Amino acid sequence: MATTDRQATTLALAHALSAAERGLAVIPLSRTKLPALRSPHRDTPDPDQPPCHGECGRFGHGVHDASTDPARIRALFAAAPRATGYGIACGLPPHHLIGVDLDTKTGTDSSAALRELALRHLFTIPATVVVLTPSGGRHLWLSGPPDVVVPNSAGRLAPGIDIRGAGGYLVGPGSRTAHGTYTTAPGTAHLAPATCPPALLRLLLPPPRAHHPTPPSTGRHGQGLVQFVLAAHQGQRNTRLFWAACRAYEDGIGPALVNPLVDAAVSTGLSEREARATIASAARMTSHHL
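Cut-offs used in this document
Once a new chain begins, its residue numbering starts again from 1 and follows that chain's sequence as written. Local features are withheld for residues below a pLDDT of 70 in this predicted model, meaning they are given only at 70 or higher, and side-chain atom pairs are given and counted only at 80 or more; totals for whole chains, interfaces and linings count all residues. The basis for every side-chain value is the complete set of heavy atoms in the structure, and neither hydrogens nor water enter the calculation. Each helix corresponds to a stretch of at least 4 residues labelled H or I by DSSP, and each strand to a stretch of at least 2 residues labelled E; elements are numbered beginning at the N terminus. Here's how the labels work: a residue is buried when its accessible area is under 20% of the maximum for its type, exposed when over 50%, partly exposed in between, all with a 1.4 Å probe on protein chains only. Contacts: residue pairs with any heavy atoms within 4.5 Å of one another. For every accessible area listed, the method is Shrake-Rupley and the probe measures 1.4 Å; residues are considered covered only by the protein chains on display. Throughout, nonpolar core names a set of buried Ala, Val, Leu, Ile, Met, Phe, Trp, Tyr and Cys residues whose side chains join them through atoms within 4.5 Å. Salt bridges are defined by distance alone: a side-chain nitrogen of Lys or Arg within 4 Å of a carboxyl oxygen of Asp or Glu.

A. Local environment of the overall build of the protein. Along the backbone of the protein there are 8 helices and 12 strands. Judged by the C-alpha coordinates and their principal axes, the protein covers about 60 × 50 × 35 Å. Residue burial in the protein is summarised as follows: out of 290 residues, 46% are buried. Pairs at least 24 apart in sequence give 73% of the contacts found in the protein among residues at least 6 apart. Carbon and sulfur atoms make up 57% of the accessible area of the protein, which amounts to about 14,500 Å² in all.

Right, here's the structure in full:
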């Protein structure tokens, strides 16, 4: 059994390196399709600190570990000797991958639901990479624009259709799981992820949020804190938001700045829930309460 596992890990690494050559950032996965490396913070959780997305420099941050660097990928797999598959991070350059997961486990015909959406909204799915899942489902790979953040969703588009966007990942072809092996559909392995049709892209985005301008009472300092959050890059977003929220509460403008800070954080790619949790942590740290 150990030999079989080693062979599966070696094969998964080979597939992962091949995907990385195509510009796809990867992480090792276990047979359960979950990241194969456990969080280095699992034994010392700190609810008053924003979640670490790899800023600590260690492995074990899920999709935030994803890389196209062969040396880093080999190091990730060396640290995960029981990995039997690999995940492909969505939303990252150069492809800004969007995964359309057509599931079969809900008892609905997700392929028919997608065809109905295409007819209703006047788009067609272009020829693209299609990955077949062990359960009989399909993953369609599409490429999104670089300036648009597509969120993850489950069943929002239609029953049985899940979307993998920024912060999510797709199980890569060649991965072995407890239920079988993921494979590329015949005739699609050589394709690049096709551009997502604009009409479909509009359906994948959340409805426009109500605009919360920075209250005049917060002054230039409040505007500066919001701009500080807006300038965050991936890997800095929670840290910048937490710092800005702490300064806001220390200066007595925290409650007035909550919504502008949330909007700024969401525009950089954080979820609203994560943003509000980070701001709440800042409020507790500065002895204030939302």
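B. Summary view of the side chain of T84. Relative to the helices and strands, T84 resides in the loop between α2 (70–78) and β2 (85–89). Ignoring sequence-local partners within four residues, the contact set of T84 consists of A8, A12, L29, S30, R31, S175 and R176.

C. Focus on the nonpolar core. Ranked by internal contacts, the top residues of the largest apolar core, which has 32 residues, are V26, I73, F77, Y86, I88, L97 and W141. Of all the secondary-structure elements, those providing two or more residues to this core are α1 (2–21), β1 (26–29), α2, β2 and β8 (169–171). For this core, the element with the most residues is α1, which contributes 6 residues. Those residues in contact with V26 that sit more than four places away from it in its chain are A16, A19, D65, A66, S67, I73, L76, Y86, G87 and I88. Residues A113, V150, C196 and A199 belong to the second largest nonpolar core, which totals 23 residues.

D. How the structure looks around the pattern of salt bridges. A full pass over the atoms with the stated rule returns 5 salt bridges. The partner of R120 in a salt bridge is E116, with the nearest N and O atoms 2.8 Å apart. In this pair, R120 and E116 both sit in helix α3 (residues 110–121), 4 residues apart, roughly one turn of the helix. R120 sits in the exposed class, given a relative accessible area of 52%.

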